[in-house]
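# Inside the fold
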Amino acid sequence: MTVDTTTRPGLRGTAALLSAALALVWRASSTLAMIRAATALVTGLTPVAIAWLTKVMLDRLVTHAPTAQLLGVVLALAGTVLIGSLMPSIADFADVELSRRTRLTGRRELYRAIGRFGGLGRFEDPAFQDRLQLAVSNGPATPAQVTTNGLGIAQGMVTVAGFVVLLAGLAPWMAVVVAVTALPTVHAEFALSRQRAAMMLQLGHAERRELFYADLVSSVTAAKEIRLYGLGDLFSARMTDELRRINRAMRGMDLQEFRVQSLLTGLAAVVAGGGLVWAVLSARSGQLVIGDIVVFTAAVAGVQTTLGSIIAGIARTHQALLVFAHYQHVVQAPADLAPLPDRPVLPVPPLRDRIELRDVWFRYGPSLPWILRGVNLTITAGSTTALVGLNGAGKSTLIKLLCRFYDPTRGAVLWDGVDLRQFPVDELRRRVSAVFQDFMAYDLSAAENIGLGDIHWLDDRQAIVSAAEQAGCHTTVEKLPRGYDTLLTRYFSPEDTPENTEGVLLSGGQWQRLALARSFMRTGCDLLILDEPSAGLDADAEHEVHTRLRTLRGGATALLISHRLSAVRDADTIVVLSDGAAVERGDHATLMDSDGPYARLFNLQASGYQPAVPELRPPTGR
Ligand SMILES: Nc1ncnc2c1ncn2[C@@H]1O[C@H](COP(=O)(O)OP(=O)(O)OP(=O)(O)O)[C@@H](O)[C@H]1O
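What counts and how
Residues numbered from 1 in each chain as written. Predicted model: local features only at pLDDT ≥ 70, side-chain atom pairs only at ≥ 80, totals over all residues. Heavy atoms only, no water. UniProt positions renumbered as here; feature names shortened; annotations may be inferred. Helix = DSSP H or I, 4+ residues; strand = E, 2+ residues; numbered from the N terminus. Buried < 20%, exposed > 50% of the residue type's maximum accessible area, 1.4 Å probe, protein only. Areas by Shrake-Rupley, 256 points an atom, 1.4 Å probe, with all protein chains shown as cover. Lys, Arg positive; Asp, Glu negative; His and termini not counted. Charge placed at Lys NZ, Arg CZ, Asp CG, Glu CD. Patch = residues over 30% accessible without salt bridge, like charges linked within 9 Å, V, L, I, M, F, W, Y side chains within 5 Å. Salt bridge = Lys/Arg side-chain N within 4 Å of Asp/Glu carboxyl O. Expected span 1.5 Å × (residues − 1). Pairing = 2+ DSSP bridges. Axes fitted to C-alpha atoms, helices over the stretch in contact; angles between N-to-C directions. Contact = heavy atoms within 4.5 Å. 1 Å grid on protein atoms, 1.4 Å probe; cavity = no way out; pocket = protein on both sides within 12 Å on 5 of 7 lines; lining within 4 Å. Points joined across faces, edges and corners; volume = space filled by probe spheres on them. Near = heavy atom within 4 Å. Polar contact = N/O pair within 3.5 Å; in protein donor to acceptor, adjacent residues only side chain to side chain. Nonpolar A, V, L, I, M, F, W, Y, C, P; charged D, E, K, R; others polar. Phe/Tyr/Trp six-rings, centres within 6.5 Å; stacked < 30°, edge-to-face > 60°. Lys NZ or Arg CZ within 6 Å of the ring centre and 35° of its normal.

An unreviewed UniProt entry lists the protein chain under the name ABC transporter ATP-binding protein, with Actinoplanes flavus given as the organism. Within the UniProt record for the protein chain, the comment given under Subcellular location (unreviewed entry) is "Cell membrane".

Pasting the structure below:
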């Protein structure tokens, strides 16, 4: 794991984080923020006013002041107590509501930022995932925590300032002693908050693993294998191990905090006790009157308690800011797909001529092996190109580059001669439709599962039905209990139909047809990519999909990946990818004549032995 610099952001960094957190709260609700600030000011002044009014009342009582004056101060005292006791409820309400609204705004801005990540690289970076996890789980709550704690600090400062003024009138040295004893507390609290924030980041990794095992044990997707292979206990044990590790780290931190707090409380008690002895002795010698002792005691206790809470508030704010730093890191992350320097950004024109991969080299990380090694490949506009090759040859990787989920490590992908990096990525993707090998099965209705292929037509039932017809799944969907409105999951239940509360699960091949229908929603796209579109289809369906592909793609350029070579023999061009390079290309007849790797694989499948994965061997014993 990389060392995290956000645990020590420095003074300027802290100030920037603070203003960003406060700005987020202000965006969430400026009115509530102002109400909360007002309650902090009033609450801060209340204890000082009470102490002072108590002193005045006692002095008037001792000096036998007129009843009206005495009652006046009693009424003022009662009014102050009343206002003071109302403030916490108002502050609590404002805090909770402000926190709710800030979380909403924070989450919205965070997910908008995540949506702006154009590529996939960040999602595969464990260090970034740790930050992301922290940003998602705790980040949006931190600005409200910063504000509440910040106002608590301001409120405490008002109280301390008031008490120090009162205390300085009686014993200036005591004000100095109380302030000096606060210094070790400040230091200790800062150190603790830094440690806690660093621990949270480190635990993020363990928490993700714990969540991973917890999800596995309770997920319907994993339920079959877990039961068949008897993995439940293993995964539960791993989950509890992670949880134990997390608890151990947190317990260690709590204990350390407990020890430091106890020491500091002891120090404060010694100072307060010493002060009280002095005050009592001074009163006996006539230097102080009874009201002075009340003010003195209230001021020492008030200053110490409030200083304690100010310091704890600063530490909590500091810690919340350190967590907020991860949120900011994610929200402000620069574009992960950098445009080409010194080249203009261009609108994406409709594909007229060809897509070309020119000497493309690619690896998923600097320390990972090369997956594509100098691929040169031309995909002619309006034609069907099939990409074939053994498992791991790099076929899916190549289409990920075409969709610009990653940029080539070396070389370029050109769209009618223009480097893909010169196009706005969203615009490029609007010209592409795809069925990925690991396509999504959404826990939504059948109509939505198809309509998501083009959200502009999400509510257009006619467009959805027509896409389903093209993919050959219209009849299947129509026969579902609620037709296109049937929920394709048993994870949720339909909200509006109490008499029919169960969703329906589809078979693998049926899901694949739905994914195909989803890709057909995007009519008028320039490039249609089908990565193993027929792997889960029965023989009839496979034949139908491939024979109809020419009409289905409606003039678009098609790129087809399949292990069933009979399915791609009609393609205009077949490209064989081997070990990260395009080793053969041509139409079926040409490649068969040349008797190379394609012909060998084709003959192997045609001979009756038709594995979907040609090189797959039966597992050997260990
Ligand atoms: N996100 C990733 N991070 C790191 N390595 C990856 C990633 N995705 C794929 N690889 C590696 O890249 C290589 C090529 O994978 P790819 O999925 O492109 O092969 P393929 O030709 O589509 O294989 P198959 O026929 O099995 O689908 C594999 O060795 C795989 O381990």
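On we go from here.
Quick look at the overall build of the protein chain now. In terms of helices and strands, the protein chain carries 19 helices and ten strands. In terms of its C-alpha atoms, the protein chain occupies a principal-axis envelope of roughly 120 × 55 × 55 Å. When the 622 residues of the protein chain are sorted by exposure, 45% land in the buried category. Here the protein chain has roughly 31800 Å² of accessible surface; of this, 60% comes from carbon and sulfur atoms. Considering the protein chain, the positive charge centre built from 59 side chains and the negative charge centre built from 58 side chains are found 7 Å apart.

A word on a nonpolar patch on the surface. Taken together, Ile35, Leu82, Leu86 and Ile90 make up a surface patch of nonpolar side chains, about 340 Å² in accessible area. If you tally residues by element for the nonpolar patch, the top one is helix α3 (residues 67-116), at three residues. Within the fold, Ile35 resides in helix α2 (residues 30-62). You can call Ile35 partly exposed: its relative accessible area is 37%.

One non-glycine residue, Asp359, lies in positive phi territory at about 45 degrees. As for its position among the elements, Asp359 is in strand β1 (residues 354-363).

An ideal rise of 1.5 Å per residue puts 78 Å on 53 residues; helix α8 (residues 232-284) measures up with 75 Å between its terminal C-alpha atoms. Phe235, Met239, Glu242, Ile246, Met253, Leu264, Val271, Gly275, Ala279 and Ser282 are the residues of α8 that are buried.

Attention now goes to the environment of Val96. Within the secondary structure layout, Val96 lies in helix α3. Owing to a relative accessible area of 43%, Val96 belongs among the partly exposed residues under this scheme. Separated by 171 residues in sequence, Val96 and Leu267 have C-alpha atoms that sit 34 Å apart.

With mixed pairing, six strands are arranged side by side in an open sheet as β6-β7-β8-β3-β9-β10. Each end of this open sheet is capped by a strand with a single partner; those strands are β6 (432-435) and β10 (581-586). Taking each pair of neighbouring strands and ignoring which way they run, the sheet shows an average axis angle of 20 degrees. By the bridge criterion, four bridges tie β6 to strand β7 (residues 527-531) in an arrangement that is parallel. Looking across to β7, one finds that Ala434 is bridged to Ile529. This element, helix α10 (residues 395-402), spans β3 (384-388), β7, β8 (557-561) and β9 (573-578) of the sheet and lies at about 155 degrees to β8.

Next up on the list: the layout of surface pockets. In this structure, the largest pocket encloses a volume near 1300 Å³. Surrounding the largest pocket, 44 residues form its lining, Cys403, Phe405, Arg429, Phe436 and Arg522 being those nearest its centre. Among the elements of the structure, α3, α10, α11 (425-430), β6 and α15 (508-520) are those that each provide at least two residues to the lining of the largest pocket. Of the voids in this model, the second largest pocket is the one considered here, and its volume is about 630 Å³.

According to UniProt, the positions carrying the feature "transmembrane region" (unreviewed entry) are residues 37-58, 70-91, 160-186, 260-281 and 293-315. The distance from the first to the last C-alpha atom of residues 37-58 is 32 Å, and the span holds 100% helix and 0% strand. A helix fraction of 100% and a strand fraction of 0% characterise residues 293-315, whose end C-alpha atoms lie 33 Å from each other.

Turning next to the site of the ligand. Close to the ligand lie 15 residues, the nearest being Asn391, Gly392, Lys395, Ser396 and Thr397. A distance of 2.9 Å is found between an oxygen atom of the ligand and a backbone nitrogen or oxygen belonging to Gly394. The fraction of the free accessible surface of the ligand (630 Å²) that becomes covered by protein chains is 67%. For the shell around the ligand, the element with the most residues is α10, which contributes four residues. Looking at the shell around the ligand residue by residue, the classes come out as five nonpolar, seven polar and three charged.

Scanning the entire structure with this criterion turns up 16 salt bridges. The closest approach of N and O atoms between Asp95 and Arg36, which form a salt bridge, is 2.6 Å. With Asp95 in helix α3 and Arg36 in helix α2, this residue pair connects regions lying 59 residues apart in the sequence. There is no split in this pair, since Asp95 and Arg36 are both buried. Where Arg354 meets Glu356, a salt bridge forms, and the shortest distance between an N and an O atom there is 3.8 Å. In this structure, a network of salt bridges that share partners links the residues Asp353, Arg354, Glu356 and Arg358.

All right, on to the packing of aromatic side chains then. Evaluated as defined, the whole model comprises eleven aromatic pairs. Between Phe362 and Tyr364 the ring centres are 4.9 Å apart and the planes differ by 80 degrees, which places this aromatic pair in the edge-to-face class. Its relative accessible area of 3% is what places Phe362 among the buried residues. The exposure class of Tyr364 is partly exposed, given its relative accessible area of 30%. Pairwise contacts between aromatic rings join Phe117, Phe123 and Phe128 into one cluster. In this structure, Arg363 packs its charged tip against the face of Trp370, placed 4.2 Å from the ring centre. It is Arg410 that lies over the ring of Trp361; its NZ or CZ is 5.1 Å from the centre.

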